[in-house]
Amino acid sequence: MIARSLKGHALQCGAAVLIAAPLAAPLPLAHAQTRDGVHKGVFNPKTFTLENGLQVVITTNRRAPVALHMLWYKTGAIDEPAGKSGIAHFLEHLLFKSTRTLKVGEFSRIVSANGGRENAFTSWDYTGYYQFVAKDRLPRMMEIEADRMANLVLANQEVLRERQVILEERRSRIETRPESILWEQARRALFLNHRYGRPIIGWMHEMEKLSRQDALDFYKRYYGPNNAVLVVAGDVNVDEVRRLAEKYYGPIKRIAVPPRKVLREPPQRVERRVVYRDARVRRPSFGRLYYAPSYNVGATQYAYALQVLTRLLGSSSTSLLYQKLVVRQKLATSAGGGYSATRRGPSHFYIFASPQLGVSIEKLEKAIDVEIARIVEEGVRKADVEAAKRQLQDLAIFARDSIRSGANAIATSLMIGRTANDVEEWPTRIGKITVEQVNSAARHVLQRQKSVTAVLLPLRADITTKGEASQK
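Residues numbered from 1 in each chain as written. Predicted model: local features only at pLDDT ≥ 70, side-chain atom pairs only at ≥ 80, totals over all residues. Heavy atoms only, no water.

Side note on the packing of aromatic side chains
Right, on to step 1. In this structure the tally under the stated criterion is 16 aromatic pairs.
Right, on to step 2. Relative to Y126, the ring of W72 has its centre 5.2 Å away and its plane inclined at 45°; by these criteria the two rings are tilted. Taken together, the positions of W72 in strand β6 (residues 66-73) and Y126 in the loop between β8 (117-123) and β9 (127-134) put the pair 54 residues apart, joining distant regions of the chain.
Right, on to step 3. Y126 gets classed as buried once you look at its relative accessible area, which sits at 1%.
Right, on to step 4. The structure contains a cluster of three or more aromatic residues connected by ring pairs, namely Y73, F96, F107, Y129, Y219 and Y223.
Right, on to step 5. Note that R187 overlies the ring of W124, its terminal NZ or CZ placed 3.8 Å from the centroid.
Right, on to step 6. Over the aromatic face of Y295 sits the side chain of R418, whose NZ or CZ is 4.2 Å from the ring centroid. (Phe/Tyr/Trp six-rings, centres within 6.5 Å; stacked < 30°, edge-to-face > 60°. Helix = DSSP H or I, 4+ residues; strand = E, 2+ residues; numbered from the N terminus. Buried < 20%, exposed > 50% of the residue type's maximum accessible area, 1.4 Å probe, protein only. Lys NZ or Arg CZ within 6 Å of the ring centre and 35° of its normal.)

So, in structure tokens, the structure goes:
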């Protein structure tokens, strides 16, 4: 149960899933070898920048006559003013209301009438909007997306109505899920100073007071062409996209974007423990978060090695934790872990497990501690590292079949201050990781004083893993 809560790093609105788990979000690009032996990135992004500062990225994929139109803003939950948590996500909702030319709900009706699919997402570092349409409908998508970049209109009645929607979203996603409550508290305990400790959706008591003016202030501060990246993928070409981008986005004026406040974390010196008991819990869960570097912050030299470590340690049923705890020792029903390097700020490395019936959480935790200590002291095997590297590079090869994989990867990279080339070079960099680097990364990150242990338990002591007392 904890695993589901640990994986999310972007708040997706609606049913479609565009931003995946941490390991998949920055899905790398595969490299293909041409006849002359030169390795060439499969997605081969083309970029240019309009005079108003809008960066445009095009990835051509001729597999189907469709286009993916995405607009990413370099702002998210970490940019929210104190006391206004959730305003980035709230504004994302409100952008589907009205503009000077579109009535309430008309944006979505236009997308639907043109046979398209749409959605949006908010993370700590960025916010994005997208439409999937037939390629001949791309001009209309650009027209209406550019319109809401520049011409948002918010009626107070609509704002109040939508505020009830996000409050209900928090209730359904967090308040009704004990594992989500625990995860939220554990994350707050891990990040001592950074705004990553605040939930993307916001704290309930602050969300209840978000106003129309709060939304407009955030919109005017961050929603401008020079703070955005337009990504167009699919059956398109550069000249066509350039012409459309200049026509629809080109006239929009630049804005004065405030510099992002960078809050540094103090040293992680004390092991923390978060325990949550809830009457709704029928099966205990265990999780542990370790403070970790990202591509941008901390011991960044370990970022690629940590991705390999995650793959071999806890990414599937063949991983070390699953094989040891579930298959061999039969202490757990599930076990694994995860890590994402794609952050503007620091990141975290996590592990999780759920005990078998009759196995106490204490016994399971002790077994996990033994395994982690073994990895830190003895290291992992070279053969396991090589297998993990191959698996990650295989994922890169599979990515080329998806129109949105390359678009997501490149846009995410640009959002956190990196480049498209960092994505193109990902398979090569993973391939160069050594067993020594993986073991060094494990020793650096898997330290108890840099961790928060999170335990989910039933409220009543007589409801244990031995059975369901509530059935009596």
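A closer look at the confidence of the model for the protein chain
Right, on to step 1. The predicted model of the protein chain has a mean per-residue pLDDT of 90, with 89% of residues at 70 or higher.
Right, on to step 2. Segment residues 14-40: pLDDT under 50, and 71 contacts once partners within four positions in sequence are set aside and those in other chains are kept.
Right, on to step 3. Scored below 50 in pLDDT, residues 465-472 makes 14 contacts in the model with residues more than four places away or belonging to other chains. (pLDDT = per-residue confidence, 0-100. Contact = heavy atoms within 4.5 Å.)

Examining the pairing of β8
Right, on to step 1. By the criterion of burial, β8 is predominantly enclosed, with five of the seven residues buried.
Right, on to step 2. By the bridge criterion, six bridges tie β8 to β9 in an arrangement that is antiparallel. By the bridge assignment for β9, A120 is matched with Y129.
Right, on to step 3. Where β8 hands over to β9, the hairpin turn is made up of three residues, counted between the paired strands. (Pairing = 2+ DSSP bridges.)

Points about the packing of helix α2 (residues 87-94) against helix α8 (residues 212-222)
Geometry of a packed helix pair, given as the angle between the helix axes and the separation of the axes.
Right, on to step 1. Taken N-terminus to C-terminus, the directions of α2 and α8 make an angle of 90°; their axes are 9 Å apart at the nearest point. Judged by the angle between their axes, α2 and α8 are roughly perpendicular. In this structure, α2 uses I87, A88, L91 and L94 to contact α8, whose residues at the interface are D214, A215, F218 and Y219.
Right, on to step 2. Considering only residue class, the contact of α2 with α8 consists of seven nonpolar, no polar and one charged. (Axes fitted to C-alpha atoms, helices over the stretch in contact; angles between N-to-C directions. Parallel < 35°, antiparallel > 145°, perpendicular 65-115°, else oblique. Nonpolar A, V, L, I, M, F, W, Y, C, P; charged D, E, K, R; others polar.)

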